[in-house]
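Chains, contacts and geometry: an overview
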Amino acid sequence: MIEVCVEGESDQATAWLNRYRNQKPTFACVLSFTETALIPGISAAGQTPQARHQPAAADGAFLVSRSATPLPHLSAGISPAVITRAILQSLGISRHLLSTGLPVAISAPYIALPQVQAHSLHTGSALSLSAARALFEAGKRWGHRLALKGRYLVIGECVVGGTTTAQAVLTALGYDVTDKISGSHIEGNHAQKRQLVQSGMSAWQQRLMSQNKDSMRVSPIEIVAAVG
C-alpha cells in the first residue's frame, strides 16, 4: 500500500512512519469557496447551487465544536466531516480552521487567510495572480506556526467543487488525471468535470497566446491562478 501511495518511495515512507509513530499531529482544515461550486450538478454537497454556499462553514464549525452541530443535508450521504471529527476527538488531536473567505459566516473560531473570490475554473481566470501568491505565502507562514504545535502537521480542506478544481490544476501541471479524480457523487460526474477542465484550459491557453506566453514555461502559482 505504501508503494502505491508514494510511487515506489517505500523506504522514505517507512522511515517517516517509524519516526512519527504514536506521535500526535496538529490538524489544520482550510475552508474555501469557488464559483465552480455553483455550476448545476457539479457536486452532491448541497441540493441546489445556492445550498452549496453552506457546507464549508458548517463542516468547519462541526469539526471544532464541543457539541455536535447540525450539518446540511447531502443527497449522496453524510459529510466526510463526521469521520474526521470522530478521529480527531478519539485521538485528542488539536484542530484549527483557516478560511480564505466564505459566502456565509463561520460560527467557530478561525484564522483568516487573505480573503479572495475564486471564479469558476472554466473561465481560465479563477484568481488574480496576486491573490494566488498572497494565499501561498500566507499558507507557508501559518504552516510553519501550526507545525510547531504538534510533532507534525496534517492539512485538510473543505471546498465544494474542490475535486474538479484539483483535476484542473493537475491537468494544467501535465498529469493525466482525466476520469481518475473522485468526488461527492455516488457515481462520478467525470464527463462534466472533463468538459469544465477543457473549457478552463482552453480559455487560459488562449489568454497566454494573446500575451505571447508559453504555457510550458508558466509557474505553478500561475496555474493555480488560472484554474485553481
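Scroll up for the structure.
Residues numbered from 1 in each chain as written. Predicted model: local features only at pLDDT ≥ 70, side-chain atom pairs only at ≥ 80, totals over all residues. Heavy atoms only, no water.

With the rule as written, the count across this model stands at four salt bridges. With a shortest N-O distance of 3.8 Å, Lys180 and Asp176 are connected by a salt bridge. With its nearest N and O atoms 3.9 Å apart, the salt bridge here joins Lys213 to Glu222. Residue classification places Lys213 among the partly exposed positions, given a relative accessible area of 42%. (Salt bridge = Lys/Arg side-chain N within 4 Å of Asp/Glu carboxyl O. Buried < 20%, exposed > 50% of the residue type's maximum accessible area, 1.4 Å probe, protein only.)

Relative to strand 2 (residues 94-99), strand 1 (residues 26-31) is paired through six bridges, and the arrangement is parallel. Opposite Thr26, over in strand 2, you have Ser94 as the bridge partner. Bridge count between strand 2 and strand 3 (residues 111-112): two bridges; the pairing is parallel. In the sheet register, Ser99 faces strand 3, and the bridge partner there is Ala112. (Pairing = 2+ DSSP bridges. Helix = DSSP H or I, 4+ residues; strand = E, 2+ residues; numbered from the N terminus.)

Its location among the elements puts Thr36 in the loop between strand 1 and helix 3 (55-64). Aside from chain neighbours lying at most four places away, what touches Thr36 is Ile42, His119, Ser120 and Leu121. (Contact = heavy atoms within 4.5 Å.)

For the rest of this paragraph, the subject is unusual backbone geometry. The backbone of Asn22 shows a phi angle near 65°, a positive value even though the residue is not glycine. Although it is not a glycine, Asn212 sits at a positive phi angle of roughly 60°. Inspection of the secondary structure assignment puts Asn212 in the loop between helix 7 (190-210) and helix 8 (220-227).

Compared with the 27 Å implied by 1.5 Å per residue over 19 residues, the 27 Å span of helix 5 (residues 129-147) between its first and last C-alpha is a close match. Buried within helix 5 are the following residues: Ala131, Ala132, Leu135, Ala138, Gly143 and Leu146. Along helix 5, the residues classed as buried sweep out an arc of 140° about the axis, all on the same side. When the buried face of helix 5 is taken as reference, the exposed residues oriented beyond 90 degrees from it are Ser130 and His144. Taken together, the buried residues of helix 5 touch strand 1, strand 2, strand 3, strand 4 (153-158) and helix 8. (Expected span 1.5 Å × (residues − 1). Arc of directions from axis to C-beta.)

Okay, the environment of Pro49 next. Here Pro49 shows up in the loop between strand 1 and helix 3. Sequence separation between Pro49 and Glu35 is 14 residues, and the spatial gap between their C-alpha atoms is 9.5 Å. Those residues in contact with Pro49 that lie beyond four places of it in its chain are Leu38 and Pro40.

Turning to helix 4 (residues 81-91), its buried residues number three or more, namely Ala81, Arg85 and Leu88. Each buried residue of helix 4 lies within a common arc of 70° when the element is viewed along its axis, so the set occupies one face. Facing away from the buried side of helix 4 by more than 90 degrees, the exposed set consists of Ile83 and Ser90. Looking at the buried positions of helix 4, the neighbouring elements they touch are strand 1, helix 3 and strand 2. Backbone geometry just downstream of helix 4 places Gly92 in the positive-phi region, at approximately 65°.

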